[in-house]
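The chain contents come next:
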Amino acid sequence: MDYGAALDHLDTLINYESRPRAGRVHGLSLQSMQALASAMGDPQHRYRVIHVTGTNGKGSTVRVTARLLQEMGLRVGAYTSPHLVAPTERVSVDSEPMDPEAFGAAIGDVARFTDHMQMRATWFETVTAAALQHFADVAVDVAVVEVGMLGRFDATNVVDAEVAVITNVGRDHTDGAGDWRLAVAREKAGIVKPGSTIVCGETDPRLRDVFRAEPHAAMLERGPDFGIERERLAIGGWVADFFTPYGRHPDSLTAMHGRHQLDNASLAVATAEAFFEARLSDEVVDGALAGVRVPGRFEIVGREPLVVLDGAHNPDGARAAAATLNDDFAPSGRRFLVVGMQSGRDIAGVLQGLEADRAERVVCCTAPTARGIPAPEIAAAAAALGVASEAVAEVGAALDRALELADAADVVTVTGSFTVIGAAKTALAERS
C-alpha cells in the first residue's frame, strides 16, 4: 500500500479514539491482537521493551526515556498516541517519525495478515502491529511503548515489559462509578510481567499496593526510591536535582514548560537507570533533558500574542496547563481560551482546571471527530460557570476569532483535545 491507500484502509476500521461510545466497551480481550502478532512472527519479541502506562504524562515520559537511551548510543523506537496531524507521528526511530511510504507499506503488510486470517482488526490494533513490526525490521535495540487507553487489555500489551512504568492514576476514560481509582489501577497494572521492574510514579499507597501485587522482579517508587530534591524555574524550562537508587543528578535543565514535566523527567531518568541497572552520566542526562521536545504539550507556536497549544483533556491535565501558564509565563495581558473536547470528558472539570473564570473569553469549538462535543454545549457549560463564552464550531475559525480579540500582550491557549491541537496546527501551517 502507498500512504494514501493506508489512510483509506485505516478509515474503514473501528477506531475507539474517535468513535462515539456509550458507557463501557464490553468483551475486552487481547486474543485477537495476540493472534495477529503470532501470525506475524511476534516481532515485539525481537527487541527489549519499556512499557509506559498512566493517566497523564505518558507521552512526555516516553519521549524523555527514549532520548536518554539514545544518548547512551542505542537505536531506540518510540510508540506514542494519539497523533496530532498524521499517524506517522506515532512511530519514531531515534526521534525521527516514520516515513509515510514505510508507514503505508507496514499497514499494507498488516492488512494482508488480517485478510488471510479473516480478522477484523481495529484501527489501533492495526497501527500497533505495524509499529511493532517496523521496530523489528529496522532492528531497534529497545522500544519505548506507550499504552493507548487501557492497560491489561490494551493492544500494546502483547509486549513483555522489561521495565513497566506507571506515571499516575487519574480520572480519564472511566465512568467514575464506585472505587474507580482502584479499578483504573488494576487495569493499568496488567502491563506488569513476572520479569518486569516496576517504576511507579503514583504516590497513593493503596494504589501502589495494586502494582506491587502483580508478579514482578523489582519495584522503584517515587519518593523513597527516586524523585526531585530541589527545583527552580529557569529560562526555557526548569532546573532540578534528580535522585534515583543509582545516584544523583544535580542542576539538570529540563527544556519543557511546566513544573509537572519535572515529575515526568524524574520518572524517565529512574526508568532509564532501571533499564541499565546503573547510573547514567550527568552528560547523558543533561543532553537528553535539554534536547527533548513534546509536541502539543504546552507548545509555543506564536508570540504577540503568545499562542500555546496544550492537549489538556482531563481536569488534572487542565490544572497542569493553568499552573504552567501562571508559573512559567505569568502573563500581564488578558487570557483567551480556545476549547474543544470529545464525548466522555468532564466539561466543567476541565474548564475549572483551566481557570476559565480568569479568561476574557472562552471560544468553544467542536473537536473534529465523531466524538466531538458540539461547541454550543461547551459554551453553555462555560456560561453556567459564569464565564464569557461563544461557540465557533470549526477549530481554525475559533482560533482566528480568539486571535482577532487578542492584543500583543495577551495569551491564547488552544486546548481540550489532541484532535483540536492537531487541527489548530494544520490551520496555522496553512496560514504561514
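Structure's up top.
**Remarks on the overall build of the protein**
Each helix and strand in the protein was counted, giving 14 helices and 17 strands. Radius of gyration (C-alpha) of the protein: 21 Å, near the 22 Å computed for a compact globule of 432 residues. Judged by the C-alpha coordinates and their principal axes, the protein covers about 55 × 55 × 45 Å. Sequence separation of 24 or more characterises 71% of the internal contacts of the protein that already satisfy a separation of 6 or more. Accessible surface, the protein: about 17,000 Å² in total, of which carbon and sulfur atoms supply 50%. For the protein, the distance from the average position of its 40 positive side-chain charges to the average position of its 58 negative side-chain charges is 4 Å.

**Topic: the packing of helix α4 (residues 100-116) against helix α5 (residues 123-137)**
Where α4 meets α5, the axes come as close as 9 Å, and the angle between the chain directions of the two elements is 115°. On the basis of their axis angle, the class for α4 and α5 is roughly perpendicular. Of the two possible hands of crossing, α4 and α5 adopt the one that is right-handed. Of α5, the residues touching α4 (which contributes F103, A106, I107 and V110) are T126, V127, A129 and A130. Residues that form the contact of α4 with α5 fall into these classes: seven nonpolar, one polar and no charged.

**A few points about the pattern of salt bridges**
Any two side chains of opposite charge can pair if their charged atoms end up close together. Throughout the structure, instances matching the rule amount to 31 salt bridges. Between D251 and R230 there is a salt bridge; the shortest N-O distance is 3.2 Å. Separated by 21 residues along the polypeptide, D251 in strand β11 (residues 247-254) and R230 in strand β9 (residues 227-234) bring together distant segments of the chain. Judged by its relative accessible area of 44%, D251 is partly exposed. Linked through salt bridges whose partners overlap, the residues forming this network are E229, R230, R232, D241, R248 and D251.

**Observations concerning the sheet that holds strand β14 (residues 335-339)**
If you walk across this open sheet you meet the six strands as β12-β13-β17-β14-β15-β16, and the pairing is mixed. In the strand order of this sheet, the two ends are held by β12 (299-302) and β16 (389-391), each with one partner. Taken over all neighbouring pairs, the strand axes of this sheet differ in orientation by 20° on average, direction set aside. Inspection of the sheet shows strand β13 (residues 306-310) paired to strand β17 (residues 411-415) by five bridges, in the parallel sense. Residue pairing in the sheet places L306 in a bridge with V411 of β17. Across the sheet, helix α12 (residues 375-384) is in contact with β14, β15 (361-364) and β16; its angle to β16 comes to roughly 170°.

**A look at empty space enclosed by the protein**
By the definition in use, this model includes one cavity of 30 Å³ or more. Computed from the structure, the largest cavity encloses a volume of approximately 110 Å³. Forming the walls of the largest cavity are F298, A321, A322, L325, R335, F336, L337, L354, E355, A359, V411 and T413. Those elements giving two or more residues to the lining of the largest cavity turn out to be α10 (315-329), β14 and β17. Its residues assigned to classes, the lining of the largest cavity shows nine nonpolar, one polar and two charged.

**Points about the nonpolar core**
Residues I50, V64, L68, L69, V144 and V199 are the most contacted members of the largest nonpolar core, which totals 36 residues. Mapped onto this core, the elements with two or more residues apiece are β1 (48-53), α3 (58-71), β2 (76-79), β5 (142-146), β6 (163-166), β10 (237-244), α8 (260-276) and α9 (282-291). For this core, the element with the highest residue contribution is α8, accounting for nine residues. Setting aside residues up to four positions removed in sequence, I50 forms contacts with T65, L69, V142, A143, V144, V145, V163, V165, T271 and F275. Of all hydrophobic cores here, the second largest spans 34 residues; its members include A6, M40, Y47 and M119.

**Describing the layout of surface pockets**
Empty space within the second largest pocket amounts to approximately 420 Å³. Residue lining of the second largest pocket: 25 residues in total, with R63, S92, S95, R293 and P295 positioned closest to the centre. Counting residues per element, the ones that place at least two in the lining of the second largest pocket are α3 and β2. Counting residues per element, the lining of the second largest pocket draws most heavily on α3, which supplies four residues. Here the lining of the second largest pocket is built from residues that sort into eight nonpolar, eight polar and nine charged.

**Section: α10**
For α10, built from 15 residues, the straight-helix expectation of 21 Å at 1.5 Å per residue is met to within 8% by its first-to-last C-alpha distance of 21 Å. Within α10 the residues assigned to the buried category are P315, G317, A318, A320, A321, A322, T324, L325 and D328. A330 lies just past α10 and shows a positive phi near 40°.

**Digging into the side chain of T324**
Inspection of the secondary structure puts T324 in helix α10. For T324, a relative accessible area of 2% translates into the label buried. Setting aside anything within four residues of it in sequence, one finds T324 in contact with H257, G258, H260, F298 and F329.

**With respect to the pairing of β15**
Both β14 and β15 contribute to a ladder of four bridges, which runs parallel. Residue pairing for β15: F336 is matched across the bridge by R361. For the handedness criterion, the β-α-β arrangement of β14, helix α11 (residues 347-353) and β15 is classed as right-handed. Examined bridge by bridge, β15 and β16 share three bridges and lie parallel to one another. Note that in β16 the partner of C364 across the bridge is A391. Each parallel crossover has a hand, and for β15 linked through α12 to β16 it is right-handed.

**As for the state of the cysteines**
Taken as a whole and assessed by the stated rule, the structure comprises zero disulfides. Lacking any disulfide linkage, C364 is separated from the closest cysteine sulfur, that of C365, by 7.7 Å.

What counts and what doesn't
Residues numbered from 1 in each chain as written. Predicted model: local features only at pLDDT ≥ 70, side-chain atom pairs only at ≥ 80, totals over all residues. Heavy atoms only, no water. Helix = DSSP H or I, 4+ residues; strand = E, 2+ residues; numbered from the N terminus. Rg over C-alpha atoms; globule rule 2.2 N^0.38 Å. Contact = heavy atoms within 4.5 Å. Areas by Shrake-Rupley, 256 points an atom, 1.4 Å probe, with all protein chains shown as cover. Lys, Arg positive; Asp, Glu negative; His and termini not counted. Charge placed at Lys NZ, Arg CZ, Asp CG, Glu CD. Axes fitted to C-alpha atoms, helices over the stretch in contact; angles between N-to-C directions. Parallel < 35°, antiparallel > 145°, perpendicular 65-115°, else oblique. Left-handed = near helix turned anticlockwise from the far one by under 90°. Nonpolar A, V, L, I, M, F, W, Y, C, P; charged D, E, K, R; others polar. Salt bridge = Lys/Arg side-chain N within 4 Å of Asp/Glu carboxyl O. Buried < 20%, exposed > 50% of the residue type's maximum accessible area, 1.4 Å probe, protein only. Pairing = 2+ DSSP bridges. 1 Å grid on protein atoms, 1.4 Å probe; cavity = no way out; pocket = protein on both sides within 12 Å on 5 of 7 lines; lining within 4 Å. Points joined across faces, edges and corners; volume = space filled by probe spheres on them. Core = buried A, V, L, I, M, F, W, Y, C linked by side-chain atoms within 4.5 Å. Expected span 1.5 Å × (residues − 1). Right-handed = clockwise from strand over helix to strand, strands pointing away. Disulfide = S-S within 2.5 Å.

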